[in-house]
Amino acid sequence: MPVKHRKRTPAGTALLMLVGAALLFRGGPAAAAAGDAGSIWGANYFPNVPLVTHEGKSVRFFDDLIKGKVVVINFIYTSCPDVCPLETARMREVQEILGDRVGRDIFMYSISIDPEHDTPEVLKRYAEKFEVGPGWWFLTGKEADITLIRRKLGLYSDEKGAEKLEAHAVSSIVGNQATGRWMRMSPFVNPHVMATQIGSWLHNWKMPAKKEQDYASAPKVRNISKGESLFRNRCSACHTIGGGADIARMSGKRNVGPDLAGVTRKRDRAWLIRFIAESDKMVAEKDPLALELLALYDNVLMPNLRLNDDEIQALLTYIEEESRRTEPGGH
């Protein structure tokens, strides 16, 4: 069953990381050899429906997008107030980690589930907001064709209400059509883990590592707080805590969201709590500060992360602690 916006648990996220092709595509042989799997999950399985890229190029889903390729596919809509901006920001991190391999031996596709609104022009503007690089296409097409693709990828539910935009599955699909290896990936997965799955596992570990590493130099494992876990999984794709300007300068791309160092001192706490809880409503209500932030960051909407009061307090506590640590003389 696809994971939906309002049904996320740590256990569910971990499970998504482990789902393989035999579980993703129902009815498929559980022990298919890699050499046979590519033909099983080939032209007879995947629809070859037409789509249009954010650059206005007409393509076919099977022939042009996935045939013989290692791919990352997710489904979004540009007016999403929820997890889509977070998912796009996370995928941008993955693209930066993979570097110039994207567009060469790895391809990324974000397909709109709201084709009536998301024209190629709208998708182009959305891609520009996130400064996506080559090899990552945003696509639109006929609603029936897109639904068919979602069904074939295991990301469409026939449950009542599943047709609503806000109920769409937020998992990405990563796969290698030639070998038949496919798996779901949660948007809350660490981007380095996702990049390794895409760049190494899906290539049968044939790609050389950038540098040799030794277990002796591995960092000591430590327990992390609830607030730090939330920040890493929900916030770090768009925000930093200290050094945000330096990171942006090194990457050559603007930050998706503001650096949060000292934010609990700079902003009224009640305002912060509400903004984290329901930023979309505050923008709709034309809250002056919310609108100012929206304009400052190129109208990239802060997603509503559906955090409860305890989670918000834990997150703010971590931001306060990390702000003190990153300040000059901090520990």
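Note that this is a predicted model, so its numbers are computed, not measured. (Residues numbered from 1 in each chain as written. Predicted model: local features only at pLDDT ≥ 70, side-chain atom pairs only at ≥ 80, totals over all residues. Heavy atoms only, no water.)

A. Geometry of the overall build of the protein chain. In terms of regular secondary structure, the protein chain is built from 14 helices and seven strands. Counting across all 331 residues of the protein chain, residues that qualify as buried make up 52%. Contacts spanning at least 24 positions in sequence make up 71% of the contacts within the protein chain whose residues lie at least 6 apart. Carbon and sulfur atoms make up 53% of the accessible area of the protein chain, which totals about 16,800 Å². (Helix = DSSP H or I, 4+ residues; strand = E, 2+ residues; numbered from the N terminus. Buried < 20%, exposed > 50% of the residue type's maximum accessible area, 1.4 Å probe, protein only. Contact = heavy atoms within 4.5 Å. Areas by Shrake-Rupley, 256 points an atom, 1.4 Å probe, with all protein chains shown as cover.)

B. Molecular detail of the confidence of the model for the protein chain. Averaged over every residue, the pLDDT of the protein chain is 81; residues scoring 70 or more account for 76%. Here residues 1-35 is modelled with pLDDT under 50, and outside its nearest four sequence neighbours on either side it reaches 72 contacts, counting other chains as well. (pLDDT = per-residue confidence, 0-100.)

C. A look at helix H14 (residues 309-326). Between its first and last C-alpha, H14 extends 26 Å over 18 residues, near the 26 Å set by a 1.5 Å rise per residue. For H14, every residue scored as buried is listed here: Glu 311, Ile 312, Ala 314, Leu 315, Leu 316, Tyr 318, Ile 319, Glu 322 and Ser 323. Those residues of H14 that are buried lie in contact with helix H9 (226-235), helix H11 (263-266) and helix H12 (269-284). Between the side-chain oxygen of the N-cap and the backbone nitrogen of Asp 310 there are 3.1 Å, and the N-cap of H14 in question is Asn 308. (Expected span 1.5 Å × (residues − 1). Polar contact = N/O pair within 3.5 Å; in protein donor to acceptor, adjacent residues only side chain to side chain.)

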